[in-house]
Amino acid sequence: MESCTSMLQTETNSSPHDTHWPHHSHIPVSRVLAFCALADACDIQYGHVLFSQIEKPNTYMWNTMIRGYCKAKIPTMGFSFFRGMVRERVEMDRRSFVFALKACEQFCTVLEGESVHCWIWKMGFDWDLVVRNGLVHFYAECGCLKFAREVFDQSFVRDVVTWTSMIDGYVVHNCSEQALELFNSMLLSDVEPNEVTMIAVLSACSLKEDLTMGKSIHEHIKNRNVNHSLNLQNAMLDMYVKCGCLVAAREVFYDMKTRDVFSWTSMVNGFAKFGELDLARKFFDAMPEKNVVSWNAMIAGYSQNNQPEEALKLFRSMLGVGLDPIENTLVCVLSACGQLGSLDLGQWIHHYYINQKQIQPSVILANAFIDMYAKCGSIDAAAMIFNEMVERDLVSWNSMITGYASHGHATKALVLFEEMISMGFKPDEITFVGVLSACSHGGLVSVEEAYELITKIPMEASIAAWGALLDDCGKHGNVEVAKLSAFKLLDLDPEDSGIYSLLANICAHERRWGDVRMVRSMMRERGVKKTPGRSLIEVEGKFYEFLVADGSHPQSEEIYRVLNEIFLLSKLEDSVPDTAQFMNLNVYCDAFLTN
C-alpha cells in the first residue's frame, strides 16, 4: 500500500481522494492504476478509488480493473466492471472479453460466462482467435467440456493455446482418453506442441497409467528439443511414478539439474506406494526441505504397508516440527490407529481437530473416524459419527455395517443394510462381507448357506469374503467348506501362511488328522513358512507386542489369568438370535443380485 502511495505522489504529488484526473493525463494515470491494481505489493481497493476520480477512463483502464479484481479473487467486482463497460457503451477490445471470462471462471455457475459469450457474439468478436481461446479455456475450466469442444471444433484457425486449453480441460476433468486422442490429432496438424501441452499430456498418461504412451511422449520431447523446464521434468517424473516404472523415474530424478520439493516427494510417494519403504525413507530423510505433502507421502506409505507404528511415530515428529496435517494425513493416521487399536490418539485427533479447531469433516474423513472407532472397539462413537453425517457414500454404510458385524451386533448390521438398500445404494463386495459376517455371528445362516451366497453374488469374491467364510468354518467345525474356502484363498494368495495354519487347526479340532498332514505337506512343498501370530495392545500411549504363548512380559501370569476369565465369560454367554424380523437368506442374496 505504501509503495502505491509513493508512486502516486511521484507522478502527481497528490492523492486520489483530492484529485480530479483530467482526460489529458491518461498516460501517467494508466501507469499508476496498473501498478495499484496488478502489482503484488498493492491494493485493488486503492486502484478502485483512483479509477473513480478519472474523468473519462479509457478501454485500457476498464480492462485493468477487471483484470485486477480477477487477480485479487474478487470476481463479482471484476464482472461488475465488465457490465459497467456494457452499460457505459465503452469500446471493448479482445482483452475486455478475455479478462471478463477469467473472472467468470471463479464463479460457481457458468451463467455469467455465458452472458459474456453472448456479448462476444453480439460485438462480432467470435472470429477473434484470442477470444475464442478464452472461451475454450473458460468452458473447459468450468467442466463444460461439451461447450468447450463445440467452440474448439468451430474454430477455423487454431494455435497451440487452442489445442492445449482443450487437452488440459480433458485432463483436469479426468478424461484422459479424450485428451490423448486430441493430442494425436494435434500431431497431425501444423501446430507444434509446447512445454505446457506436454505437461498436460504427461498428466493424462499418469491418470490413465499408460506407460507406453508416456514413454513415447518422453521420446517426442527429446527429439523435438522441447524446453526441459522444472515443471516439465516433474510431470515426467510423476508419470513414471504413477505408471509404476521406478527405474525410469530414478533416471529422470538424477538427470534433473534442479529439483524442488515436488521432485523429492514424487520419489518418496513412488517407493512408498510400491512397498519399498526403506528407499522411500532414504529419499524422505535426504530432502533439503519438506512440506506437509512430503510428510503425508511417508506417513501414508507406512500406514498402507502395515507399519502403523512407524506411521504414528512420524506423525508425532511432523507435529513436533510445527506442521499442521492436511485431511489426507489425518485419514492415514486414523487408519494406523485402527490397525494398532490406538484409541487414545484417535480420540485426541477427534477432539483437537474436529471439536476444538472446528474442522468440518468431509465424507472421507468421517469415514476414517468410523473405521478407526469400530476397529478400536468404540462402536458407539462410530455410530454417533455415522448418525451425524449429513452426506454418506457407500464407504460410510460399509464401514458401519462391518463395524456392527465385527462387534457381534448382527441385528443392527442387517437393519442398516436394509436401510442402505432402501436409500438406493448399490452393495459391493465389501458390503457382502459385512452382511455375511453379521449373519454368521448372529447365527442367522449356516456355513453351507454362506458358501452358496458367495457363489451366487455377481462380483468376484475377494480374499476378505473367503477369509470370513473360512473363519466361520472354524466356529462351526465344517471341514469340507473350510477346505473349499481355503483352496480359493490359496489361489488368490498362495504365500499366506495364516491360511494353511487356520485350515490345519480346523481339521485338527475335528480330528481330521489326514487332512492336517495334507495341509502341512502342502506348506513344505511350496516352501511356505509359518509366521508367528502376534498381537498389540496400547497402554498409556505405549504399545506392547505379544507372540503366541509369549511369557516374556513381567506380568505374564496376571495377563493370562485375566484372558482366561474373559474366555470363560464369553463361553457362558448364550444368546439366541431373533430371526423373525429379518429377511431370509435368499432375500439377502437377491439384494446383491438385483443391485
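Only a predicted model underlies this, so the values are computations on that prediction, with no experimental measurement involved. (Residues numbered from 1 in each chain as written. Predicted model: local features only at pLDDT ≥ 70, side-chain atom pairs only at ≥ 80, totals over all residues. Heavy atoms only, no water.)

### Observations concerning the pattern of salt bridges
As a reminder, the rule being used: Definition used for salt bridges: Asp or Glu carboxyl oxygen within 4 Å of a side-chain nitrogen of Lys or Arg. Helix numbering and strand numbering both begin at the N terminus, where a helix is a DSSP run of H or I of at least 4 residues and a strand a DSSP run of E of at least 2. When a residue's accessible area, from a 1.4 Å probe over protein chains only, is under 20% of the maximum for its type it is buried; when over 50% it is exposed; and in between it is partly exposed.
Inspection of the entire model under this criterion finds 14 salt bridges. With a shortest N-O distance of 3.7 Å, Glu219 and Lys222 are connected by a salt bridge. With Glu219 and Lys222 both in helix α13 (residues 211–223), this residue pair falls 3 residues apart, about one helical turn. Under the relative-accessibility criterion, Glu219 is labelled partly exposed at 40%. What makes Lys222 partly exposed here is its relative accessible area of 46%. Of the charged contacts, one joins Arg281 and Asp285 as a salt bridge, the two residues approaching to 3.0 Å between their closest N and O atoms. Of this pair, Arg281 and Asp285 both sit in helix α17 (residues 277–286), 4 residues apart, which is roughly one turn of that helix. One salt-bridge network, held together by shared partners, links Glu480, Lys483, Arg512 and Asp515.

### Thoughts on the packing of helix α6 (residues 94–104) against helix α7 (residues 111–122)
We count it as follows: Axis angles are defined between N-to-C directions and span 0 to 180 degrees, where every axis is a line fitted to C-alpha atoms and, for a helix, only to the segment in contact. By definition in this entry, angles of less than 35 degrees are roughly parallel, angles greater than 145 are roughly antiparallel, angles of 65 to 115 are roughly perpendicular, and the rest are oblique. In this scheme, a crossing is called left-handed if the near helix is turned counterclockwise away from the far one by less than a right angle; it is called right-handed if the turn is clockwise. For this analysis, residues touch if any pair of their heavy atoms sits within 4.5 Å. Classification used: nonpolar for Ala, Val, Leu, Ile, Met, Phe, Trp, Tyr, Cys and Pro, charged for Asp, Glu, Lys and Arg, polar for all others including Gly.
It is the contact of α6 with α7, at a shortest axis distance of 9 Å, that shows an interaxial angle of 165 degrees. The orientation of α6 with respect to α7, classified from their angle, is roughly antiparallel. Judged by the sense of rotation from one axis to the other, the crossing of α6 with α7 is left-handed. Between α6 and α7, the residues in contact are Phe97, Ala100, Leu101 and Cys104 and Glu112, Gly113, Val116, Trp119 and Ile120, respectively. Residue classes in the contact of α6 with α7 are distributed as 7 nonpolar, 1 polar and 1 charged.

From the geometry alone we can't say anything about function, so treat these as descriptive.
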